[in-house]
Every structure is written in structure tokens, then in C-alpha cells.
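Here is what each chain is made of, one letter per residue.
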Amino acid sequence: MQVKAKLYPKEAARLLREHPGVREAVTGATLHFEEGRKRAYQEIDAEAWRERAKRVKDHLLTHLDHYLELAEKRLQEKGVQVHWAEDPEEAHRILREIVARHGVKRVVKAKSMLTEELGVNPLLESLGVEVYETDLGEYLIQLLGEPPSHIVGPAIHLALPDIQRLFHQRFGTPLDASPEALAAVARKVLREAFLTADLGISGANFLVAETGTLALMENEGNIRLSTSLPRVHVAFVGIEKLLPRFADLALFLPLTARAATGQRLSTYVSLIQGPAKEGEEGPKEVHVVLVDHGRTSLLHDPEAWEVLRCLRCGACLNACPVYRQTGGHPYGYVYSGPIGAVLDPGLLGLEDTYPLPYASTLCGACYEACPVKIPIPKLLLTWRQRAVERGLVPTWEKGAMQAFSKVMQSPSLYRLFSKALRGLPLPQDLLPLLKAWTEGRGPLRPSPKPFHELWQELNKE
Amino acid sequence: MDAKSRILSRIRHALKERPKALLPEHPHPALSQDPLEFFLKRLAENGAEGHLVDKEGARKLLADLAQGLPGAAYGKGVPDALRLLPELPPEEAPLGVSRALFAVAETGTVALSSEDGRKAQLLPPVHLVLVEEEKVYPSLLEAFLDLKSLPSAIGLHSGPSKSADIGQVMVRGVHGPGRLVVAVLQGTW
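The rules we used
- Residues numbered from 1 in each chain as written.
- Chains lettered and ligands numbered in written order.
- Predicted model: local features only at pLDDT ≥ 70, side-chain atom pairs only at ≥ 80, totals over all residues.
- Heavy atoms only, no water.
- Helix = DSSP H or I, 4+ residues; strand = E, 2+ residues; numbered from the N terminus.
- Rg over C-alpha atoms; globule rule 2.2 N^0.38 Å.
- Buried < 20%, exposed > 50% of the residue type's maximum accessible area, 1.4 Å probe, protein only.
- Contact = heavy atoms within 4.5 Å.
- Lys, Arg positive; Asp, Glu negative; His and termini not counted.
- Charge placed at Lys NZ, Arg CZ, Asp CG, Glu CD.
- Phe/Tyr/Trp six-rings, centres within 6.5 Å; stacked < 30°, edge-to-face > 60°.
- Pairing = 2+ DSSP bridges.
- Axes fitted to C-alpha atoms, helices over the stretch in contact; angles between N-to-C directions.
- Domains from an automatic or database assignment.
- Buried area = accessible area lost by both parts, 1.4 Å probe.
- Salt bridge = Lys/Arg side-chain N within 4 Å of Asp/Glu carboxyl O.
- Core = buried A, V, L, I, M, F, W, Y, C linked by side-chain atoms within 4.5 Å.

Named according to an unreviewed UniProt entry, chain B is Lactate utilization protein B/C originating from Thermus antranikianii.

Here you go:
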């Protein structure tokens with residue numbers, strides 16, 4: 001996927017100006033998810049669950065070479081073909097070979113962020129293969145030609161009227177068609193695709209090393225169908241997605257569901273051990289592609305490696321007051337919100353992503369929500385510090401911050417500047433900081449009296 | 001070097017200085033309340049229907065579901081005594097009947113094995129799942145620790161297929177069955 005993270009501040013401002021409805025749709029959906037998560041955490045000893053999950057993942061990551069080799073061995077014993085890919089190009093080569101060998105014409109796809117990273121859909125389309133995204137939300141944005149806006153709810157930026165208009169144009173449904181009627185139309189198109197596809201493509205929520213089990217979570221049934229009906233199944237798995245033991249799933253499946261959607265367990269979980277046996281329904285061939293794409297360099301990072309615990313539940317997006325204003329698109333990469341702001345610089349390099357760690361108020365809500373206790377606020381500061389060290393932030397910012405620090409530490413200077421700023425007309429178009437503010441808003445109008453004067457007057461009364 | 005060796009060697013290099021973290025033990029499962037009652041409660045909360053039935057009750061439940069239907073798709077483990085309707089291919093059947101490997105009370109879940117089939121669990125709009133009462137575990141952990149062998153695929157189903165992707169409105173039966181009925185079988189089968 002093309003990385004446009006450098007444009008974050010501009011794109012965020014543009015989206016808010018040009019598509020004001022997105023803010024309302026995203027805020028509504030994320031607050032709903034967030035309430036569900038809080039309710040689901042209250043029902044359990046969330047602190048104990050999160051701590052346990054953190055420790056299991058830390059163990060896994062500090063023994064990653066061992067568990068990857070074990071997983072490969074177990075998968076091969078069950079007849080799964082295992083491939084390794086360092087980058088999108090290698091993943092493409094592997095997929096191209098499978099497509100050619102089986103004469104694949106039609107693919108059904110389960111929602112997978114990794115396949116977004118790898119650009120699987122553009123590759124398949126360039127090979128003349130028909131691709132159907134089968135998660136309902138993902139299908140909507142595929143029809144619109146947009147990337148996902150949220151890890152769990154890819155189409156949360158769309159309001160019902162947007163979708164009614166889209167289906168009216170595509171399928172001729174009435175403009176006031178109910179969500180049930182729209183879903184029925186999509187179901188019909190996609191059912192046909194499931195029954196005729198040659199290849200099913202998925203990601204994985206987990207890969208258990210002990211048993212070689214792929215675990216996939218969903219609510220619609222499209223993943224079960226994508227991994228059951230076509231004769232070949234290919235799963236793309238990030239190397240950090242492993243779990244040591246099968247029984248670890250008893251913690252991670254419900255914890256992920258609670259964090260992501262507030263459910264006790266997602267409606268469907270697929271636990272896949274290998275191709276169908278003789279006389280069984282199911283794929284005759286199963287491939288697992290283990291993908292690095294920046295993960296080993298993150299593992300090497302003495303601070304940011306903890307991000308690799310991430311379960312891709314989206315809880316930090318739902319908790320984030322900054323993400324809620326725009327949804328994921330302005331972040332310019334697959335992973336947005338707080339996790340994107342600390343993961344993307346690690347996967348892609350800070351040079352291409354440096355505005356993202358600034359897309360936060362450092363309120364800490366993301367850490368409270370995170371099911372594996374990733375210290376996101378701390379890591380945001382780490383990346384900001386590195387951005388300053390590497391000279392990625394504008395030079396005026398350093399001078400401005402030094403002056404600000406001086407003024408804030410001296411009461412007399414503070415009073416002088418506060419009086420001067422209120423007395424003089426603000427040079428709003430000259431100061432870059434003020435310009436960024438006023439571009440999308442009215443001019444700044446300082447209060448006629450400063451707070452400390454108001455406070456003194458109040459105390460006298 | 002191939003991709004595998006390069007990835008593994010980078011991982012070993014990255015981990016050289018990193019202290020190893022210990023793997024925590026699994027927690028002790030909580031003392032079980034009556035799992036059957038708990039299971040039925042959780043199924044209802046998940047939007048599924050649960051029934052505790054004996055042999056006669058199971059036949060009656062199936063007869064009720066079968067009313068007016070031309071046939072059903074069956075999983076391999078469904079006993080002959082409960083195949084009341086003519087068998088139809090899952091693509092056309094209005095009802096799928098399967099036999100679960102086990103069930104889990106705390107999450108309101110039935111676990112379905114690929115050895116029983118797959119299409120009958122997914123394609124018909126209504127899915128009836130049979131599970132023996134002694135196979136209902138209180139918790140997911142107890143069920144997973146007790147699993148002796150794993151089939152090619154297990155599907156954990158905890159309610160009807162649903163999605164809120166269209167304007168945040170919950171819709172049922174998006175791809176999988178919109179109705180899930182679970183019959184917990186009591187007595188000998």
C-alpha cells in the first residue's frame with residue numbers, strides 16, 4: 001500500500017472541511033464500540049487478563065525464532081504448505097505462483113489488514129483475477145475504491161445514506177432501502193462468489209505454534225465460508241501473530257472480542273489445522289505465508305518492540321479523541337489511530353511517518369483500553385523525541401518551544417506577553433502555528449482579561 | 001540465504017540482548033456453577049435459542065422446526081432417529097442440522113468439527129445444533145485443555161450471523177445462518 005502518512009495534518013484538515021459527516025459517523029460508531037468494551041471489561045478481572053496476555057506475548061516475542069520454527073513444523077506435519085516472505089514483493093511472487101498453478105479466476109477474501117499492507121488486491125487484479133472482499137464493511141469500501149478507515153469496522157466513516165446511495169447506483173435498490181434489504185443484496189452477490197471461487201484468502205488473528213492452528217475471528221460467517229468452500233486457502237500471517245499453546249486461545253479469543261466489540265466471544269471463530277481429509281468438505285490445499293515486512297526491525301527496537309504485542313482489536317482507535325474526529329483515512333496507512341501512530345514509524349521508518357506520533361493529546365485513554373498493555377503514550381513521546389533528534393520537525397518549532405519555556409517559567413515575562421498578545425492584533429496569517437489553527441476555524445479572539453486577573457476579582461467578591 | 005534464514009537470523013540478532021520473558025501458567029478454572037443452565041442463559045444473550053431435551057423432546061423440536069420445509073442438510077454425526085426430513089444439498093436446504101464436538105457455557109458456544117461437515121453449518125438460513133449434555137464445558141479453557149485431537153477445522157459458533165457494518169444497524173443472517181437453535185440432549189443416545 002502507498003504510504004501517505006507525511007500528509008497527515010493537511011489531510012485531516014481537508015477531510016474535516018470537505019466531509020463534515022465523517023466526524024459524526026466515526027464518533028458515533030467508536031463511542032458505541034468504546035461503551036461495549038468498558039462494559040465487557042467490567043465483567044471480568046480485566047487487569048489480570050491484560051497482564052496475563054501481555055506476559056504470554058512477551059514470552060512469545062522473546063522466543064520468536066523458536067516458536068516460528070515449531071509452528072512451521074506442526075503446520076507441515078498436518079499437510080499445510082508454509083512460505084516465508086520478507087516483503088510485499090516476495091509475498092506477491094508466492095501468491096502469483098499459487099494463482100498460476102491452480103488457474104485461479106475468482107477469489108473470495110476475508111478481511112485482513114496484512115493483505116492491505118501487502119497490496120494483495122491490486123496484485124490479483126493485475127493478474128486478471130476477480131476479487132471479492134466478503135466482510136460486509138470491506139465489501140462496501142471495495143465498491144467505493146477506498147482503503148479501510150478502522151481495523152475492525154472498515155466502513156465506519158460511512159453513514160446509512162452514503163450506503164443507500166452507493167447501492168442505488170450499483171444495484172438499483174431504492175434510496176430508502178433498509179439496512180436489512182441492503183445486506184440481503186450483498187449477501188446474494190457474495191453467496192454466488194463463495195460458491196464459485198477457486199481460492200480463499202485470509203489473514204489470521206493467531207497462529208498457535210504448539211498445534212499449528214490458525215485462529216480467525218468474525219461475526220458474519222464470511223471467514224468460515226472463505227476458508228471452507230474454495231478448494232485452496234491461503235493465509236497471510238504476520239510473524240508476531242503467534243501464540244505458544246493451544247489453550248492460550250482460551251484467554252486471547254475472548255480478550256480480543258471484549259476489547260474489539262464488547263462481545264464475550266466473536267460469533268464465529270475458525271480454528272484451522274490443515275487441509276480437508278479424504279472424504280471431508282473443505283479446501284484440498286492450505287498455504288500459510290509468514291510475513292516479516294518491517295516486523296523484525298521493530299523487534300530490534302529497544303523501546304518500540306512492545307508494539308508487536310498488538311492484537312489489532314481497534315480498542316485504542318475507539319478510545320482516542322483525535323482518531324474520532326476523522327477516522328483512519330488521513331493517517332495515510334493501513335494502521336491508524338494511536339496504534340498506527342506508534343506502529344507505522346516502526347514498520348515503515350520515521351522519515352515517512354513522522355507527523356503521526358503528534359496525532360495525539362497524550363490523554364492515555366489508549367493505554368487503558370489496550371488488552372495487551374502496550375504503553376502507547378510513552379511510545380508516542382519516544383517517537384516525537386526521535387523526530388526532533390533526527391531534525392524532522394520544522395526548525396521554527398524548536399525556537400518557539402525554547403521561547404515558550406522561558407516565558408512560562410517567569411511570572412513577570414508571562415504577564416508582559418499575555419498583556420501584549422491581548423493588546424495587539426494577532427498576526428494570524430504569519431505565525432505558522434496560528435495559521436494551521438485558523439485555516440479550518442474562525443480567528444482567535446483572546447479574552448479581554450487574563451485568567452489570573454479574573455481569579456483575583458472573583459476572590460475579592 | 002533464503003527468506004526463512006534471513007528472517008530468523010534477524011530475529012536472533014534482535015533478541016541477543018533482550019531478557020527472556022517467562023510463560024505464565026494457565027489460570028485455575030473457576031469453580032463451575034451448573035453449566036447447563038448457564039449455557040442456556042448465555043445462548044439467549046447471544047441471540048440464539050437453547051433447549052434442554054430428551055429423545056422425545058428432540059424429535060418434537062425438530063418436527064416444529066421442520067414444519068412446511070421440503071428437506072434439510074445433515075452433518076455426518078446426526079443420528080438417523082433425528083433425520084425427519086428428506087436430505088437436501090446444503091446449497092438448497094432451508095435447514096441445516098449438525099452434531100457438535102462440544103459446547104462452552106461461559107461464552108454460549110457450540111464447537112463444530114469439519115468431520116461432521118461444513119456446508120450444513122454455514123449455508124442454510126437456520127442451523128440446528130445437537131450437543132450431548134456431558135459435552136457442555138463450563139469454560140473455554142476447560143474445553144481446550146481437554147481436547148485430545150484436533151480435526152482439520154473447528155468452527156466455534158456463538159449465535160446467529162450478524163453485522164453492523166451498514167450504518168451501525170445490527171442485521172442478522174448476513175452470510176451464515178440468521179437463526180441458531182441448540183438442542184442439549186439429555187439421557188442416552
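S.K.: Quick question: what am I supposed to make of the overall build of chain B here?
M.R.: Looking only at helices and strands, chain B features five helices and eleven strands. The C-alpha atoms of chain B give a radius of gyration of 21 Å, which is well past the 16 Å a tight globule of 189 residues would have. Seen along its three principal axes, the alpha-carbon backbone of chain B occupies a region of about 70 × 40 × 35 Å. When burial is assessed residue by residue, chain B has 54% of its 189 residues classed as buried. Relative to all contacts within chain B whose residues are 6 or more apart in sequence, the contacts with residues 24 or more apart total 68%. Of the charged side chains in chain B, 22 are positive and 23 negative; the average position of the first set lies 10 Å away from that of the second.

S.K.: Help me understand the packing of aromatic side chains, please; the structure alone is not making it clear to me.
M.R.: Given two aromatic rings, their pairing is described by the distance between the two centres and the angle made by the two planes. All names here are of chain A. If you walk through the whole model with that rule in mind, you get eight aromatic pairs over all chains. When the ring of Y333 is compared with that of Y335, the centres are 6.1 Å apart and the planes differ by 70 degrees; the resulting orientation is edge-to-face. Accessibility assignment for this pair places Y333 and Y335 in one class, buried. Among the aromatic residues, those joined into a ring-pair cluster are Y8, Y323 and Y331.

S.K.: Hey, could you run me through the sheet that holds strand β1 (residues 49-53) of chain B in this one?
M.R.: Sheet strands pair by backbone hydrogen bonding; their relative direction is either parallel or antiparallel. Residue and element names in this part refer to chain B. Read across the open sheet, the five strands follow the order β1-β11-β6-β3-β2; overall the sheet is parallel. Each having just a single partner strand, β1 and β2 (73-74) make up the two edges of the open sheet. Relative to strand β11 (residues 179-185), strand β6 (residues 126-132) runs parallel, the two sharing seven bridges. Bridge pairing in β11 places V129 opposite V182. Each of β1, β3 (95-99), β6 and β11 touches helix α3 (residues 55-66); the most contacted strand, β11, lies at about 165 degrees to it.

S.K.: What is the right way to look at the domain arrangement of chain A in this model?
M.R.: The domains assigned to chain A are domain 1 (5-295) and domain 2 (395-458). The centre of domain 1 of chain A, based on its C-alpha atoms, is set 48 Å off from the matching centre of domain 2 of chain A.

S.K.: I'm lost on the pairing of strand β6 (residues 213-218) of chain A in this one. Help?
M.R.: Along a regular strand, successive side chains alternate from one face of the sheet to the other. Residue and element names in this part refer to chain A. Burial analysis of β6 places six of its six residues in the buried class, the great majority of the element. Burial of the side chains of β6 extends over both faces: T213, A215 and M217 are buried on one face and L214, L216 and E218 on the other. As paired elements, strand β5 (residues 206-208) and β6 share three bridges and run antiparallel to each other. Along β6, the bridge assignment pairs V208 with T213. In sequence, β5 turns back onto β6 through a hairpin of four residues, with G212 there showing a positive phi of about 65 degrees.

S.K.: What exactly am I supposed to notice about the sheet that holds strand β10 (residues 285-291) of chain A here?
M.R.: Residues and elements named next belong to chain A. Overall, parallel pairing links the six strands, which are arranged β1-β10-β7-β4-β2-β3 in an open sheet. Sheet topology places β1 (81-85) and β3 (130-133) at the edges, where each strand pairs with a single neighbour. For this sheet the average axis-to-axis angle between neighbouring strands, irrespective of direction, equals 20 degrees. The pairing of strand β2 (residues 106-109) with strand β4 (residues 199-202) spans three bridges and is parallel.

S.K.: What should I look at first to understand the interface of chain A and chain B in this one?
M.R.: Often the size quoted for an interface is simply the accessible area lost on bringing the parts together. Taken together, the contact pairs 85 residues of chain A with 67 residues of chain B. The largest share of the area that chain A buries against chain B comes from R224, R264 and E281 of chain A, three residues that together contribute 10% of it. Applying the counting criterion to the chain A and chain B interface returns eight salt bridges. Taking the shortest distance from any N to any O, the salt bridge between D292 of chain A and R10 of chain B comes out at 2.7 Å. With nine residues, helix α10 (residues 179-196) of chain A is the largest single contributor of residues to the side of chain A that touches chain B.

S.K.: What is the right way to read the environment of A13 of chain A from this model?
M.R.: Tracing the chain through its elements places A13 of chain A in helix α1 (residues 8-18). Along the backbone, A13 of chain A and C366 of chain A are 353 residues apart, and their C-alpha atoms lie at a distance of 23 Å.

S.K.: What exactly am I supposed to notice about the environment of L243 of chain A here?
M.R.: Checked against the element boundaries, L243 of chain A lands in strand β8 (residues 242-243). When residues no more than four places from it in sequence are discounted, the contact partners of L243 of chain A are V56, K57, L60, F206, L207, V208, A209, D248, L249 and F252 of chain A.

S.K.: Explain the nonpolar core to me, please; I cannot follow it from the model alone.
M.R.: Across soluble globular proteins, you tend to see nonpolar side chains buried next to one another. Formed by 110 residues in total, the largest nonpolar core has its most connected members in L249, L253 and I339 of chain A together with F144 and L156 of chain B. Counting residues per element, this core draws most heavily on helix α12 (residues 249-261) of chain A, which supplies seven residues. One finds Y132, L158, L190 and A193 of chain A within the second-largest nonpolar core, a separate group that totals 27 residues.

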